[in-house]
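If you want the building blocks of each chain, they are given just below.
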Amino acid sequence: MINSSVFRFLKQLKANNERLWFVRHRAEYNQARTNVLGTVDQIIAGIARFDPPIIEQAPEDCLFRICRDFRFSPETPYKNNFGAFITDRGRNVDRAGYYLHVEPGACFLGGGLYTPPAPKLKAVRQAILQDGQSLRRIISRWKFVKLFGKTLPGRRLKTGPRDIPRDHPDIDLLQLTSFAVDTGLKDAQVQKKNFVGYAIGVFETLHEYVAWLNHALDTYETRQSA
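Residues numbered from 1 in each chain as written. Predicted model: local features only at pLDDT ≥ 70, side-chain atom pairs only at ≥ 80, totals over all residues. Heavy atoms only, no water.

1. Re the environment of H207
Just so we agree on the cut-off: Each helix is a run of H or I in the DSSP string that is no shorter than four residues. Each strand is a run of E no shorter than two, and both are numbered from the N terminus. In this description, contact between two residues means that some pair of their heavy atoms is separated by no more than 4.5 Å.
With respect to the helices and strands, the residue H207 is situated in helix α8 (residues 195-225). Residues H207 and D51 lie 156 residues apart in sequence; the distance between their C-alpha atoms is 7.4 Å. Not counting residues up to four positions away in its chain, the partners in contact with H207 are F50, D51 and Y98.

2. Regarding the sheet that holds strand β4 (residues 179-185)
The cut-off we apply is this: Following DSSP output, two strands are said to pair if at least two bridges run between them. Fitted lines through C-alpha atoms serve as axes, helices being fitted only where they are in contact, and the angles separating the N-to-C directions of these axes extend from 0 to 180 degrees.
Spatially, the four strands line up as an open sheet ordered β1-β2-β3-β4, and their pairing is antiparallel. The strands lining the two open edges of the sheet, one partner per strand, are β1 (82-86) and β4. Strand-to-strand twist across the sheet, computed as the mean angle between neighbouring axes with direction ignored, equals 15°. Pairing geometry for strand β3 (residues 107-113) and β4, over seven bridges, is antiparallel. Bridge assignment links G110 to a residue of β4, and that residue is D182. Against the sheet, helix α1 (residues 4-15) engages β1, β2 (97-102) and β3, with an angle of about 70° to β2. Helix α3 (residues 26-47) rests against β1 and β2 of the sheet, and its axis sits at about 25° to β1.

3. Examining the layout of surface pockets
Definition in use: Cavity and pocket criteria rest on a 1 Å grid covering protein atoms alone: a 1.4 Å probe that fits but cannot get out defines a cavity, protein on both sides within 12 Å along at least 5 of 7 lines defines an open pocket, and an atom within 4 Å of a point defines a lining residue. Grid points are joined across faces, edges and corners, and a volume is the space filled by probe spheres set on the points.
Considered as a void within the structure, the largest pocket measures approximately 410 Å³ in volume. Along the walls of the largest pocket sit 19 residues, with F85, Y99, F108, Y114 and A180 positioned nearest its centre. At the level of secondary structure, the elements contributing two or more residues to the lining of the largest pocket comprise β1, β2, β3 and β4. Here the lining of the largest pocket takes five residues from β3, the largest share from any one element.

Next comes the structure, spelled out in structure tokens:
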């Protein structure tokens, strides 16, 4: 579970988001980070039971840095959250995976493929054109719908991709430019002893969707670049 001290630190950081304060409270940050890393490590072990390649990832390779890019955010140099993206190739890749977000009042579990670049988006669309029904079966399963809703919530085009008829049966899927989903959490849920087990269950429900997206990338992007 995520300790209450993590939430306390993040709340204080939000109220004092500047470098001098952070330097003075680095010990609290290190303690909070260690707790989050331990939780991510347990989640990785659980995911590996149904997605074996994940076991190769270290929690440090999945946790995002808390520092923002100073060039773009000099007034608020730190994030007010801990985020971990778990894929079979680390966090800094355009792959589908599993995401944990810890932020006071805004915690959630999610995953999928967030705003992929053009070649990868094209690969996913090609997979939809070839077999959109398999994706529809995955996102219509009752557990998936219960957690993530009846409709994929990602960003989408107003009409559709060029060269795709407006009346294509999968136009709603082809309009998407992002394939990320999430389910919200209360802070109290994240601090419960059974949180890791709950998170693993959510990610198991998400696994088939993640696998479909990564298969699309591996299959159709390779063909395009061959």
